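As a plain string of letters, each chain reads:
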Amino acid sequence: MTSHEASAPRDARTGPLPFDTSVAHQARIYDYLLGGKDNYTADRAAAEELMQIWPEMIFTARANRAFLGRAVRYLAGEAGIRQFLDIGTGIPTAGNTHQVAQAIAPESRVVYVDYDPIVLAHARALLISGQAGATDYIDADLRDTGTILSQAAKLLDFTQPLAVTLLAILNAISDSDGPYAIVARLLDSVPPGSHLVISHGGSDLLGRQALDGLADVADRRIQQKVVYRTHEQVARFFDGTDLVEPGLVRIEEWRPERGADEKGQSSGWCAVGRKR
Amino acid sequence: MNAVGPDGESPVPGRGRVPVDAIVLRMMLGRQLRRLREAAGITPEEAGDKIRGSRSKISRLETGKTAYKIGDVADLLSLYGVTDKQRRAEVLAMARHANTPDWWRKYSDILPGWFETYLGLEAAASTIRSFEVQFVPALFQTEDYARAVTRLGHKAAPGSEIDDRVSVRLKRQALLSRPEPPVIWSVIDEGVLRRRVGGPAVMRAQLHRLIEAAAMPHVIFQVVPFGLGAHAGAAGSFTVLRFAEQDLPDVIYIEQLTSAIYLEQRVDVEHYLEVINQLSGEALTPAATVRFMEKAAEETL
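Counting restarts for each chain: residues are numbered from 1 in the order of the written sequence. Written order decides the labels, with chains lettered from A and ligands numbered from 1. In keeping with the predicted nature of the model, local features appear solely for residues at pLDDT of at least 70, side-chain atom pairs appear and are counted solely at 80 or more, and the whole-chain, interface and lining totals rest on all residues. With hydrogens and water excluded, all non-hydrogen atoms of the structure serve as input to the side-chain values.

## Points about the packing of helix α7 (residues 143-153) of chain B against helix α8 (residues 159-172) of chain B
All names here are of chain B. Quick note on the threshold: For every element, the axis is a line fit to its C-alpha atoms; helices are fit only across the contacting stretch, and the angle between N-to-C directions ranges from 0 to 180 degrees. A helix here means a DSSP run of H or I that spans at least four residues, while a strand means a run of E at least two residues long, and both kinds are numbered starting from the N terminus. Each angle receives one of four descriptions, namely roughly parallel if under 35 degrees, roughly antiparallel if over 145, roughly perpendicular if within 65 to 115, and oblique otherwise. Left-handed describes a crossing whose near helix is turned anticlockwise from the far helix by less than a right angle; the clockwise case is right-handed. Residue contacts follow a heavy-atom distance rule, with two residues in contact if any of their heavy atoms lie within 4.5 Å. By the convention adopted, Pro, Cys, Tyr, Trp, Phe, Met, Ile, Leu, Val and Ala count as nonpolar, Lys, Arg, Asp and Glu as charged, and the other residues, Gly among them, as polar.
Interhelical geometry of α7 versus α8 gives an angle of 130° and a closest axis separation of 9 Å. The orientation of α7 with respect to α8, classified from their angle, is oblique. Crossing of α7 against α8: the hand is right-handed. Two secondary-structure elements touch here, α7 through Glu143, Ala146, Arg147, Val149, Thr150 and Arg151 and α8 through Ile162, Asp163, Arg165, Val166, Arg169 and Leu170. When the residues that make up the contact of α7 with α8 are grouped by side-chain class, the tally is five nonpolar, one polar and six charged.

Here is the structure:
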């Protein structure tokens, strides 16, 4: 059964998508930082203002994308993972999760999740396939773990280890939305040996003044809230897992590959944990 | 893209033809010259003086609207303080390339200038997205289908002219098999699949050609079924050309009966991007599209 047959009702949508290009969106800002062209005036204006306050943001975004590649290569390679739940997919660009994983293990299956209509428009066309290593896309908010888990189960086997990737997305979940409970629910539904991958802007890697400035820009210009967390707060997401070497580190420091990435210092934390 | 138009458009007798070369290279070069000029703090007037021209000549050069004289470009680089040999050589090589004739030039007598511009952009694009309401995208037309479409627009044309027009269309398809082909992502209205251009046999073969092409990794089709009702593409067919170079903007191409419109202003481009994203989000997925085409082929009796 292909992913399409599994998700037939979503082959065609009813009603227009809620596109809003007048307010900046995280996914399109990220696209802009990565050099993409699927962003709008509002996104570029917000990104430029953020960069004034946080000049390392562009390096951090690129380092984050490079980390996705290294983490998925590790998972599909050394860790032997064949199923991926990629939440907060973003606008597809080079080296998407299924391409990285399927280059190592062609039978790898990937379910992408995002709630931005522009991501949906691209993902339905560019990321979904009914091939041997199948992929699917779920239009859902991270906070709606029930929908994510039940729809992902159409393609992924939750009795076998899988990897849940949450890259630069927990930043959009404020404490009042219960980010730890969300991650715990995801971890509870996967068997031991599964992996959790997180990257997250670090509040202790940014000065107080920068944090205030970033919050101000987000309030005025960006649809999502933007939250930064400390090393310790990010580490708490990994409760119930053993961190893979080198543990919770700056994004560019996680298993760097020889000469592959540009030099710089990010302002984000990342880690890969293996569920006990 | 309207097939009666592009390679089908009649030449306007006596119309002055501006030779259109690798338009994208010109645009890139123009942008680069502008950046260099601004970085050097030189006004368009000062730059114009240097090459014995006016402010508007500089503006035309910087927007890629005119051919480059290598000597002029070299003079401007000197004025802008670009002394690095390697850097100068790169820019000058680009200027020379921008003046190189392209394969379609030999069909100049049947191609209007605006369509030659399109061919230049199409050949240089890294992604070609389009919304098609009338005909199968030209890059995927079978010879018979292309011939039927061309005849529609040129009822009185002699056979040899029809052959030339069809062969321009088929030559464009070489793009699909070049080493680094562009991503071609077409959103196609159901009407395109139902309209029996050239009769049922021609149309059935055309549908099979589309199904075959859909298997290529860089080709994406999405059908907008009639069942969706009115949709965002109500304005008609258009094409979004995207280039790999980061500072080149997307270009929107809209064909009309006897001319074409190119839009590259942010505000216009963003509007069309929004429409095509909306369409892509609402249309059938690529896999469902193939099943839809298979069914349409069965129903074309």
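Having seen the structure, we can now continue with the description.
## A few points about the pairing of strand β6 (residues 260-263) of chain B
Residues and elements named next belong to chain B. So the rule is basically this: In this analysis, strands are considered paired if DSSP registers two or more bridges between them.
When strand β5 (residues 251-255) meets β6, the two strands line up antiparallel, connected through four bridges. Paired with Tyr253 across the strands is Tyr262, a residue of β6. Once β5 ends, the chain turns through four residues before running back antiparallel as β6.

## Quick notes on the nonpolar core
What counts here: Residues grouped as a nonpolar core are buried Ala, Val, Leu, Ile, Met, Phe, Trp, Tyr and Cys residues, joined through side-chain atoms within 4.5 Å. With a 1.4 Å probe rolled over the protein chains alone, any residue whose accessible area is under 20% of its type maximum counts as buried; one over 50% counts as exposed, and the rest are partly exposed.
Formed by 68 residues in total, the largest nonpolar core has its most connected members in Phe140 and Leu241 of chain B. Take this core: its biggest share by element is six residues, from helix α10 (residues 200-213) of chain B.

## Here's the deal with unusual backbone geometry
All names here are of chain A. For the peptide bond that leads from Glu245 to Pro246, omega is 5°, which places it in the cis range. Within the secondary structure, Pro246 is located in the loop between β6 (241-243) and β7 (249-250). Phi at Ala168 is positive, roughly 50°, even though this residue is not glycine. Considering the arrangement of structural elements, one finds Ala168 in the loop between β4 (163-167) and α8 (179-188). You will see that Arg255, though not glycine, has its phi angle at about 40°, which is positive. Mapped onto the elements of the fold, Arg255 is located in the loop between β7 and β8 (268-275).

## As for the pattern of salt bridges
As a reminder of what qualifies: By salt bridge we mean one thing: a side-chain nitrogen of Lys or Arg within 4 Å of a carboxyl oxygen of Asp or Glu.
Inspection of the entire model under this criterion finds 29 salt bridges over all chains. Across the pair Arg255 of chain A and Glu78 of chain A runs a salt bridge, and its minimum N-O distance is 3.6 Å. Placement of Arg255 of chain A in the loop between β7 and β8 and of Glu78 of chain A in the loop between α4 (57-76) and β1 (83-87) is noted, with a sequence separation of 177 residues between them. Looking at Arg255 of chain A, the relative accessible area reads 27%, which means it is partly exposed. For Asp75 of chain B, the salt bridge identified is with Arg52 of chain B, shortest N-O distance 3.5 Å.

## Quick look at the confidence of the model for chain A
The condition that has to hold: Per-residue confidence from the predictor is given as pLDDT, running between 0 and 100.
Overall, the predicted model of chain A reaches an average pLDDT of 90, with 92% of residues at or above 70. Note on residues 1-14 of chain A: pLDDT under 50 across the span, and 34 contacts to partners over four residues away in sequence or across chains.

## Topic: the packing of aromatic side chains
Residue and element names in this part refer to chain B. Cut-off, in case you're wondering: Stacked, tilted and edge-to-face are the three classes assigned to paired rings of Phe, Tyr and Trp, where Trp is represented by its six-membered ring and a pair needs centres within 6.5 Å; plane angles under 30 degrees give stacked, over 60 edge-to-face, the rest tilted. Only Lys NZ and Arg CZ are tested; either one counts as a charge over a ring when it is within 6 Å of the ring centre and within 35 degrees of the ring normal.
Using the criterion set out here, one finds 10 aromatic pairs over all chains in the structure. Judged by centre distance (5.9 Å) and plane angle (20°), the rings of Phe115 and Tyr118 are stacked. A residue pair is termed a helical-turn pair when its members lie 3 or 4 positions apart in one helix, as Phe115 and Tyr118 do in helix α6 (residues 113-124) at three residues. As far as burial versus exposure is concerned, Phe115 and Tyr118 are alike and both buried. Seen in terms of ring centroids, Phe238 and Tyr272 are 4.8 Å apart; in terms of plane orientation they differ by 65°. Their pairing is edge-to-face. Of the two residues, Phe238 is situated in strand β4 (residues 238-242) and Tyr272 in helix α11 (residues 266-282); the sequence distance between them amounts to 34 residues. Feature note: the residues Phe115, Tyr118, Tyr253 and Tyr262 constitute an aromatic cluster, connected by ring pairs. Above the face of the Trp185 ring, Arg129 is positioned so that its terminal group lies 3.9 Å from the ring centre.

## Structural notes on the interface of chain A and chain B
Accessible area lost upon the coming together of the parts serves often as the stated size of an interface. Contacts between the two partners involve 23 residues from chain A and, on the opposite side, 27 residues from chain B. Applying the counting criterion to the chain A and chain B interface returns two salt bridges. Looking at the side of chain A that touches chain B, the element that brings in the most residues is helix α6 (residues 117-126) of chain A, giving seven residues. Broken down by class, the residue content of the side of chain A that touches chain B amounts to 10 nonpolar, seven polar and six charged.

## As for the packing of α10 of chain B against helix α12 (residues 286-299) of chain B
All names here are of chain B. Two numbers describe how α10 lies on α12: the axes approach to 9 Å, and their chain directions differ by 165°. Of the possible angle classes, the one that applies to α10 and α12 is roughly antiparallel. Like other packed secondary-structure pairs, α10 and α12 cross with a definite hand, here left-handed. On the side of α10, the interface is formed by Arg204, Leu207, His208, Leu210 and Ile211, while α12 contributes Val290, Met293, Glu294, Ala296 and Ala297.

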